[in-house]
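Structural overview for review
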Amino acid sequence: MRDIFQRLMAAAHFDTPDTSSSAKVSRREFLCGCGCSALALSATGSALLSAASRAEAATGGPLVRVGHLPAGCVSHLLLAKLRGDFAAAGLRVELTQFNGPSESLQALVADRLEVMHAPWTMTAAAYAKGTKELRIIGGSGKGGIELVARKGSVTTVDEFIAAAGKGLRVGTLRLDTLELVGYGTMASHGKSYKDYDMTFFPSMVGMGEAIANGKLDVCTLAQPYAENVVRSNGARYLSDSNAVWGPEAADCVITTKQRTSDRQGDALRRYLKVLQASATNLTQHYAAAVDQLQPVYGVSREVLEVALARQVPNPVISPVGVAGLTRGAEYLKQLGYFTGNPIPQLLDLRHQPAALA
C-alpha cells in the first residue's frame with residue numbers, strides 16, 4: 001500500500017518548467033494535506049450520526065462502509081444519515097470521517113471501506129500511477145472550490161491575471177481540486193506558476209490564516225471554510241470550480257474498487273439512489289436541511305447557508321460532468337502528475353440512478 005503513495009509523491013516533485021514553490025512540502029505534509037482538514041464534524045453531529053447507525057443495524061441489510069471528509073460535498077450523505085433514509089432503504093451505512101483524502105484512499109485500498117467520498121484528483125493520480133482497481137461510480141459535490149482574494153488585493157479575475165509577474169502572493173494545495181481552481185484560472189489565461197509568488201500549504205487552515213494576517217493575496221479554499229474566511233475577513237470570491245472545469249464541476253466523487261462494483265452492485269445502486277433522493281430533498285427544503293445540518297458541521301447557520309448553496313450535491317455525474325472531469329485532468333497533466341488522461345478508464349457509472357429532470 002505504501003507504494004501507492006510513493007508513486008503519487010514521484011508525481012509531486014514538480015520539477016517541470018511551469019512549477020515553482022516558495023515553500024517545500026514534506027512527504028508527510030503532502031499525504032496529509034487536504035483542504036477539508038480545516039474542518040471537523042462536531043461532537044453533537046457525531047452523536048446524531050451514531051444514533052442513526054443504531055437504527056440501521058436493526059434492518060440487517062447489507063453493510064456499506066463509507067469514508068468521507070468533513071466538507072460541504074457530503075451534505076446530502078449526512079442528511080440522509082440523520083433522517084434515517086438508509087435504514088428505510090434497508091441499508092447499513094457505516095460512516096468514517098477522515099482528515100484527508102490520502103487516508104481514506106489508504107483505507108479503501110486495504111478493503112476497510114466499500115466507497116469513499118473524496119476529491120477526484122487524488123483518485124485520478126493514484127489510478128494513473130498504478131492503482132488500476134479504482135473506479136469512480138458517482139458524484140458527491142460540485143462547485144464550492146473557490147479562488148479567494150484578501151481585502152485590499154485584487155478584486156476580479158482580470159485583475160488577478162493583470163497582476164502576473166508583479167509578485168502577487170498566491171497559496172494553494174498540491175494534488176487537490178483546490179490546486180485546479182487556482183492553476184486552471186491561470187492556465188486558461190496563458191499564465192502559470194512562474195508568474196506568481198507561489199506557496200504550497202499542507203491544509204486550508206494556514207491559507208485562511210495567511211489571508212487574515214495579510215501574508216497572502218489570493219488563495220484557494222473549499223466550502224464551508226471558504227465562506228468563514230470571506231465573512232470574517234472581508235475577503236472576496238474571484239472565481240470557482242464551475243468557472244474553471246464546469247459548469248457541472250465535480251469536486252468530490254464516490255470511488256470504489258472494481259471488485260466491489262462487480263460484486264456488490266445491488267447495494268451500491270441502493271446507496272446511490274438514497275443519495276439522489278436526499279440531494280433532491282435538500283434542494284427543495286433547503287432551510288430545513290441547513291437547520292438539521294448546522295449542528296453536524298459546527299459552523300454558524302449564516303456561514304453554512306451560504307456555503308452549501310455554493311457547494312451543492314452532485315449525486316449523478318452527467319455527460320457534461322464527465323467532460324468537466326476530463327477537462328480538469330488536462331490541467332493535472334500540465335502540472336506533471338501524469339501523462340495521458342485517466343478519466344475514461346476510471347469511470348464506472350452503471351450503478352447511477354437516472355438523472356432527474
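We now turn to the structure provided with this report. Being a predicted model, the structure only gives us computed values, none of them experimental.

Conventions used here
Residues numbered from 1 in each chain as written. Predicted model: local features only at pLDDT ≥ 70, side-chain atom pairs only at ≥ 80, totals over all residues. Heavy atoms only, no water. Helix = DSSP H or I, 4+ residues; strand = E, 2+ residues; numbered from the N terminus. Buried < 20%, exposed > 50% of the residue type's maximum accessible area, 1.4 Å probe, protein only. Contact = heavy atoms within 4.5 Å. Areas by Shrake-Rupley, 256 points an atom, 1.4 Å probe, with all protein chains shown as cover. Axes fitted to C-alpha atoms, helices over the stretch in contact; angles between N-to-C directions. Parallel < 35°, antiparallel > 145°, perpendicular 65-115°, else oblique. Nonpolar A, V, L, I, M, F, W, Y, C, P; charged D, E, K, R; others polar. Core = buried A, V, L, I, M, F, W, Y, C linked by side-chain atoms within 4.5 Å. Pairing = 2+ DSSP bridges. Right-handed = clockwise from strand over helix to strand, strands pointing away. Phe/Tyr/Trp six-rings, centres within 6.5 Å; stacked < 30°, edge-to-face > 60°. Lys NZ or Arg CZ within 6 Å of the ring centre and 35° of its normal.

**Observations regarding the overall build of the protein**
Across its full length, the protein holds 18 helices and 12 strands. Going through the 357 residues of the protein one by one, you find that 57% of them count as buried. Considering only contacts within the protein whose residues lie at least 6 apart along the sequence, 81% involve residues at least 24 apart. With an accessible surface of roughly 13200 Å², the protein has 49% of that area assigned to carbon and sulfur atoms.

**So, the packing of helix 14 (residues 265-284) against helix 15 (residues 286-297)**
With their axes 5 Å apart at the nearest point, helix 14 and helix 15 run at an angle of 110° to one another. With respect to helix 15, the axis of helix 14 lies roughly perpendicular. Across the interface between the two elements, Leu282, Thr283 and Gln284 from helix 14 touch Tyr286, Ala289 and Leu293 from helix 15. A per-class count over the contact of helix 14 with helix 15 returns four nonpolar, two polar and no charged.

**Let's talk about the nonpolar core**
Counting residues in hydrophobic clusters, the biggest one holds 72 residues, and the most contacted among them are Trp120, Phe160, Tyr196, Met207, Val218 and Leu221. The element contributing the most residues to this core is helix 7 (residues 120-128), with six residues. Excluding residues that lie within four positions of it along the chain, leucine 221 makes contacts with Gly144, Ile145, Glu146, Val148, Leu178, Met204, Met207, Gly208, Ala226 and Val229.

**A closer look at the pairing of strand 7 (residues 169-172)**
Summarising the sheet, strand 7 and strand 8 (residues 197-200) pair through four bridges and their orientation is parallel. If you follow threonine 172 over to strand 8, its bridge partner there is phenylalanine 200. As for the winding sense of the linkage, the β-α-β connection from strand 7 through helix 9 (residues 177-187) to strand 8 is right-handed.

**As for the packing of aromatic side chains**
Per the counting criterion, the structure on display carries six aromatic pairs. Taken together, a centroid distance of 6.4 Å and an interplanar angle of 70° make the contact between tryptophan 120 and tryptophan 245 edge-to-face. Here tryptophan 120, found in helix 7, pairs with tryptophan 245, found in helix 12 (residues 241-245); they are 125 residues apart in sequence, far enough to count as distant. Assessed through its relative accessible area of 0%, tryptophan 245 is described here as buried. Connected via pairs of aromatic rings, a cluster forms that spans Tyr183, Tyr193, Phe200 and Tyr331. Lying over the aromatic face of tyrosine 127, lysine 132 brings its terminal NZ or CZ to 4.4 Å of the ring centre. Between arginine 310 and the ring centre of tyrosine 237, over which it is positioned, the NZ or CZ distance is 3.7 Å.

**Some details on the sheet that holds strand 9 (residues 218-222)**
As a general point, the strands of a sheet are linked pairwise by backbone hydrogen bonds and lie either parallel or antiparallel. With respect to topology, five strands assemble into an open sheet ordered 8-7-9-6-10, the strand pairing being mixed. The open sheet is flanked by strand 8 and strand 10 (236-240), the only strands paired with a single partner. The sheet shows a mean angle of 30° between the axes of neighbouring strands, direction not considered.

**So, the sheet that holds strand 11 (residues 252-257)**
Reading across from one edge, 2-1-3-11-4 is the order of the five strands in this open sheet, with mixed pairing throughout. Edge positions in the sheet fall to strand 2 (92-97) and strand 4 (134-139), since each has one partner strand and no second. In this sheet, neighbouring strand axes are inclined to one another by 30° on average, regardless of whether the strands run parallel or antiparallel. Pairing between strand 1 (residues 63-68) and strand 3 (residues 115-119): two bridges, direction parallel. The residue bridging glycine 67 from the neighbouring strand is methionine 116, located in strand 3. Most of the contacts of helix 14 go to strand 3, to which it runs at about 50°, and overall it touches strand 1, strand 2, strand 3, strand 4 and strand 11.

**Considerations on the side chain of serine 75**
Here serine 75 is to be found in helix 4 (residues 75-82). Contacts of serine 75, omitting those with residues within four sequence positions, involve Leu282, Leu293, Tyr297, Leu308 and Pro313.

**Comments concerning the side chain of threonine 185**
The residue threonine 185 is located in helix 9 in this model. Taking the relative accessible area as the measure of exposure, threonine 185 reaches 3% and is therefore buried. Look past the residues within four positions of threonine 185 in its chain and what remains in contact with it is Leu147, Val157, Phe160, Ile161, Leu180, Ser239 and Val244.

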